[in-house]
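# Breakdown of the fold
The chain contents come next:
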Amino acid sequence: MVSISESKHFRIFTDPVTGVKSYVLSTKAAGQQQSFYFVNRAMDEKGRYLWFYASYPPATYGVMGVVDFEDDEVRVFPETQRLGGPLVDMESGECIFGGPQGFYIKSPKAGKPPVRICPVPKEISRLGSPQSLGTHLTYSPDKTELFVDAHVNDRFILGTLRLLNGKFTVWKEYDFCRNHAQFNPVDPDLVLMAEDHWNDHVTGQKHPIRYNDKGEFMRLWTITRDGKETLYPPLGGQRATHEWWSRNGKVIYYCKYKSLEEGNNGITGINLETGEHKVYAPVPAWHAFSSLHDDFFVYDENDVFYRGTPSRVGFYNCVTGKQVYIVSQNPALAPRENPSVYHLDPHPQLVWGDRYVSYTIAQNGYTEVALCETEQLLDMTK
């Protein structure tokens, strides 16, 4: 297998401020290439396949591509039009995604078409053509089910899809936005989900995330298989965004902020076993992801939020309390008065047994996929 440093498809980028070295995918297989969303890791645990998003501006649909380090080839699969975030199997390197005609498994190898798991379930398709078939698909702990949050017109349907036979079981249906659902890594009956802002598809009316009568921001929720919901108010009466599970399933992590104007102010977590609720990393994280043992985080940040905003990508060492920027400045990809129609955030995540950070870098007016070794980041934050 070709190493990342030896691959003909990558060039080295050294941050001019911090000196952190990254490998940037320089082969242009599509007009725009991006790392996966931060929750779903884009690389299998053998380090053979690196999946990425591919798009062709001005077209707004997205497909997927892969770097195969066994034969050092880059492939884009135009048949993989996706409605939401896909899921890479950490053992096989295959990718599961929801598309306009159903759910599929796609091999990363050349010449193998997607295999359909099932058509769009009737519980979803009865409402119309879905806008999304999952913010980011996740496996149940035993890998027999996927958790799906589907968006169809002004309905939001959450439930499980059985991989063996395509049977879809609705856990709950909403007339307001619930999404970002994620199976707990160890408990098959527990799912993390979010209340999110949304726009009425007919009137265009904007619906913000609600507060309850106690003044608590109603972003963070869990739901159990029997439909029981639990709200987790953010720390200090603030707000929450971009949540995920710790790898052991004990902690709900999220990025905390006071207001959109004042920005984010800490990677925060709720330990469901002990009840401890605290800031784990005092950095202005917009999205973040935790290591296997919760001893370091990767994150991105911005000064003002809009699609295509300038951004930075950081690393925080919990053991030493030290931080370093992987990218000290991603330039703007669109002006604030005319935001991009694409989801261009860096979305850093830890892949291949936490050996690398995968993220989206902005260079020369477009996005590319980048990988950064965590060993150098740990050395720089000793």
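The written sequence of each chain sets the order in which its residues are numbered from 1. Local features in this predicted model are restricted to residues whose pLDDT is 70 or higher, and side-chain atom pairs enter the listing and the counts only when it is 80 or higher, whereas totals over whole chains, interfaces and linings include all residues. Each side-chain value is derived from all of the structure's non-hydrogen atoms; neither hydrogens nor water enter the calculation.

### Thoughts on the nonpolar core
As a reminder, the rule being used: In this text, buried Ala, Val, Leu, Ile, Met, Phe, Trp, Tyr and Cys residues form a nonpolar core when linked through side-chain atoms within 4.5 Å. Buried residues are those whose accessible area, probed at 1.4 Å on protein chains only, stays under 20% of the maximum for their type, while exposed residues exceed 50% and partly exposed ones sit between those limits. Helix and strand assignments follow DSSP, with helices taken as H or I runs no shorter than four residues and strands as E runs no shorter than two, numbered in order from the N terminus.
L50, W51, W244, I267, I326 and Y359 are the most contacted members of the largest nonpolar core, which has 65 residues in total. If one sorts the elements of this core by residue count, strand 4 (residues 49–55) sits on top with six residues. Residues L87, V120, L133 and I157 belong to the second largest nonpolar core, which totals 18 residues.

### What to know about unusual backbone geometry
In this model, P57 is joined to P58 through a cis peptide bond whose omega is 10°. Within the secondary structure layout, P58 lies in the loop between strand 4 and strand 5 (62–68). In the Ramachandran plot, N153 falls in the positive-phi region, its phi being about 55° despite a non-glycine side chain. By secondary structure assignment, the location of N153 is in the loop between strand 12 (145–152) and strand 13 (155–162). Positive phi outside glycine occurs at D354, with the angle close to 70°. Mapped onto the elements of the fold, D354 is located in the loop between strand 29 (349–351) and strand 30 (356–363).

### Quick word on the sheet that holds strand 24 (residues 277–281)
This is how the line gets drawn: Between any two strands, at least two bridges found by DSSP are needed for them to pair. Helix axes are fitted only over the stretch in contact, all axes being lines through C-alpha atoms; the angle between N-to-C directions runs from 0 to 180 degrees.
Pairing is antiparallel across the open sheet formed by four strands, whose spatial order is 21-22-23-24. On the outer flanks of this sheet lie strand 21 (239–245) and strand 24, each paired with one strand and no other. Looking at each pair of strands side by side, their axes are set apart by 35° on average, direction ignored. Here seven bridges tie strand 22 (residues 251–257) to strand 23 (residues 264–271), and the two strands are oriented antiparallel to one another. Counted as the bridge partner of Y254 is T268 from strand 23.

### A word on the sheet that holds strand 9 (residues 102–106)
Across the sheet, four strands lie side by side as 7-8-9-10; this open sheet has antiparallel pairing. Looking at strand neighbours, the two that pair on one side only are strand 7 (87–88) and strand 10 (115–118), the edges of this open sheet. Sheet topology places strand 7 next to strand 8 (residues 95–99); two bridges connect them, and they run antiparallel. Paired with L87 across the two strands is I96, which belongs to strand 8.

### Thoughts on the packing of aromatic side chains
When we look at a pair of aromatic rings, we describe it by the centre distance and by the angle of the planes. Put simply, the test is: Planes of paired rings set the category: under 30 degrees apart is stacked, over 60 is edge-to-face and the rest tilted, where pairs are Phe, Tyr or Trp rings (Trp by its six-membered ring) whose centres lie within 6.5 Å. Note on criteria: charge over ring means Lys NZ or Arg CZ within 6 Å of the ring centre, with the direction from the centre no more than 35 degrees off the ring normal.
Summed over the entire model, instances satisfying the criterion amount to 19 aromatic pairs. When the centroid spacing of 5.8 Å and the interplanar angle of 25° are considered together, the rings of F10 and F69 count as stacked. Placement of the pair is F10 in strand 1 (residues 10–14) and F69 in the loop between strand 5 and strand 6 (73–77), with a sequence separation of 59 residues. Grouping aromatic residues by their ring pairs yields a cluster made of Y37, F38, W244, Y253, Y280 and F297. Between the NZ or CZ atom of K28 and the centre of the ring of Y366, over which it lies, the distance is 4.2 Å. When the ring centre of F77 is taken as reference, the NZ or CZ atom of K106 above it lies at 3.9 Å.

### Notes on the state of the cysteines
The condition is simple: Throughout, a disulfide means two cysteine sulfur atoms within 2.5 Å of one another.
By the definition in use, this model includes zero disulfides. Unpaired in this structure, C95 has its nearest cysteine sulfur neighbour in C118, at a distance of 15 Å.

### Here's the deal with the pairing of strand 4
Among the seven residues in strand 4, seven count as buried, and that is most of the element. Side-chain alternation along strand 4 places Y49, W51, Y53 and S55 on one buried face and L50, F52 and A54 on a second face that is also buried. When strand 3 (residues 32–34) meets strand 4, the two strands line up antiparallel, connected through three bridges. Considered in strand 4, the bridge of Q33 is made with A54. Looking at chain direction, strand 4 and strand 5 are connected through seven bridges and run antiparallel. What sits directly across from Y49, in strand 5, is D68. Between the antiparallel neighbours strand 4 and strand 5 lie six residues.

### Details of the side chain of T138
How we decide: Two N or O atoms count as a polar contact when they lie within 3.5 Å, although within protein this holds only if one can serve as hydrogen donor and the other as acceptor, and sequence-adjacent residues are included solely when both atoms are side-chain atoms. Contact between two residues is taken to exist if any of their heavy atoms lie within 4.5 Å; hydrogens are not considered.
With respect to the helices and strands, T138 occurs in strand 11 (residues 138–139). There is a polar contact of 2.9 Å between the side chain of T138 and the backbone nitrogen of F183. Ignoring any residue separated from it by four or fewer positions in sequence, one finds T138 in contact with N40, L87, E145, L146, F147, A181, Q182 and F183.

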